[in-house]
Amino acid sequence: MAEGGAPGNGATEGEAARSEAAKGGIRRPPPSLTTDTARPEGGGRAAPRDASAPARQWPLLTVLVLAGLGLVVVGTDLFPQSFRVGAMMVGAALLLGAVMRRVVPSVGMLAVRSRFTDMITYGVMGGLIVLLALMVQPKPWLRIPFLEDILHLTVT
């Protein structure tokens, strides 16, 4: 036992090991369980460090602006098909995010998970939103008969 760990003075063996490690005598092995999260692939800056904050995050801002424009189109309801067009703009923003995640080497905060997971997530969600916007009633722009049959079976 270490000199500070004698039974008579109340120090435990763990405290003695920590005091020796603090003195530089013992090096701890790295933890076997990861306690931090690694940065996603491509999660670095999208522009040099000396660029302004919006310039460093241009991929994320591009997706957010396009989605925001889609929401404005839906919210203002300026023309008869504005809901459909606005929803398609939101879906297109997510599809653009998937394409940028694949093509652009560093996308800043648009990188949330691994490149593959981000591409699949953005692509599937964007594709579904565009598909549903095309099929929305009344007067859908796209008709898929088997999906209509499924809808009629669940609703009626």
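Above: the structure in question.
Here goes a summary of the coordinates provided. These numbers come from a predicted model, not from an experiment.

### Some remarks on the pattern of salt bridges
Across all of its chains, the model carries two salt bridges by this definition. When the shortest N-O distance is used, the salt bridge between Arg-101 and Asp-118 registers 2.7 Å. A residue pair is termed long-range when its members are at least 10 positions apart, and Arg-101 in helix 4 (residues 82-103) and Asp-118 in helix 5 (residues 115-135) qualify at 17 residues. In this structure Asp-118 comes out as buried when scored by relative accessible area, which is 0%. Between Asp-118 and Arg-113 there is a salt bridge; the shortest N-O distance is 3.1 Å. A relative accessible area of 34% means that Arg-113 is categorised as partly exposed.

### Considerations on the side chain of Gln-57
Counting through the fold element by element, Gln-57 comes out in the loop between helix 2 (53-56) and helix 3 (58-76). Judged by its relative accessible area of 18%, Gln-57 falls in the buried class. If sequence neighbours within four positions are ignored, Gln-57 has contacts with Val-107, Gly-108 and Met-109.

### Overview of a nonpolar patch on the surface
Residues Phe-116, Ile-120, Val-124, Met-125 and Leu-128 make up a contiguous nonpolar surface patch of about 490 Å² in total accessible area. Tracing the sequence through the fold places Ile-120 in helix 5.

### Section: unusual backbone geometry
Notably, Asp-77 is not glycine yet its phi reads approximately 50 degrees, a positive angle. Note that Asp-77 resides in the loop between helix 3 and helix 4. Here Lys-139, not a glycine, exhibits a phi torsion of approximately 50 degrees, which is positive. Its location among the elements puts Lys-139 in the loop between helix 5 and helix 6 (145-155). Residue classification places Lys-139 among the exposed residues on the basis of a relative accessible area of 69%.

### Here we look at the packing of helix 3 against helix 4
Where helix 3 contacts helix 4, the two axes come as close as 7 Å, and the packing angle between them is 170 degrees. One element, helix 3, and the other, helix 4, form an angle in the roughly antiparallel class. Between helix 3 and helix 4, the residues in contact are Trp-58, Pro-59, Thr-62, Val-63, Leu-66, Ala-67, Leu-69, Gly-70, Leu-71, Val-73 and Val-74 and Ser-82, Phe-83, Gly-86, Ala-87, Met-89, Val-90, Ala-92, Ala-93, Leu-96, Gly-97 and Met-100, respectively. Here the residues of the contact of helix 3 with helix 4 sort into 17 nonpolar, five polar and no charged.

### Observations concerning the nonpolar core
If you look at the biggest cluster of nonpolar residues, it comprises 11 residues: Leu-60, Val-63, Ala-67, Ala-93, Ala-98, Met-100, Val-104, Val-107, Leu-110, Ala-111 and Tyr-122. Where this core is concerned, the elements lending two or more residues are helix 3 and helix 4. Setting aside residues no more than four positions away along its own chain, Leu-110 makes contact with Pro-59, Leu-60, Val-63, Gly-97, Met-100, Arg-101, Asp-118 and Tyr-122.

### Things to note about the side chain of Arg-115
Residue placement: Arg-115 occurs in helix 5. Arg-115 gets classed as buried once you look at its relative accessible area, which sits at 18%. If we skip the residues at most four places from it in the chain, Arg-115 touches Glu-41, Gly-42, Arg-101, Arg-102, Val-104 and Pro-105.

Calculation notes
Residues numbered from 1 in each chain as written. Predicted model: local features only at pLDDT ≥ 70, side-chain atom pairs only at ≥ 80, totals over all residues. Heavy atoms only, no water. Salt bridge = Lys/Arg side-chain N within 4 Å of Asp/Glu carboxyl O. Helix = DSSP H or I, 4+ residues; strand = E, 2+ residues; numbered from the N terminus. Buried < 20%, exposed > 50% of the residue type's maximum accessible area, 1.4 Å probe, protein only. Contact = heavy atoms within 4.5 Å. Patch = residues over 30% accessible without salt bridge, like charges linked within 9 Å, V, L, I, M, F, W, Y side chains within 5 Å. Areas by Shrake-Rupley, 256 points an atom, 1.4 Å probe, with all protein chains shown as cover. Axes fitted to C-alpha atoms, helices over the stretch in contact; angles between N-to-C directions. Parallel < 35°, antiparallel > 145°, perpendicular 65-115°, else oblique. Nonpolar A, V, L, I, M, F, W, Y, C, P; charged D, E, K, R; others polar. Core = buried A, V, L, I, M, F, W, Y, C linked by side-chain atoms within 4.5 Å.

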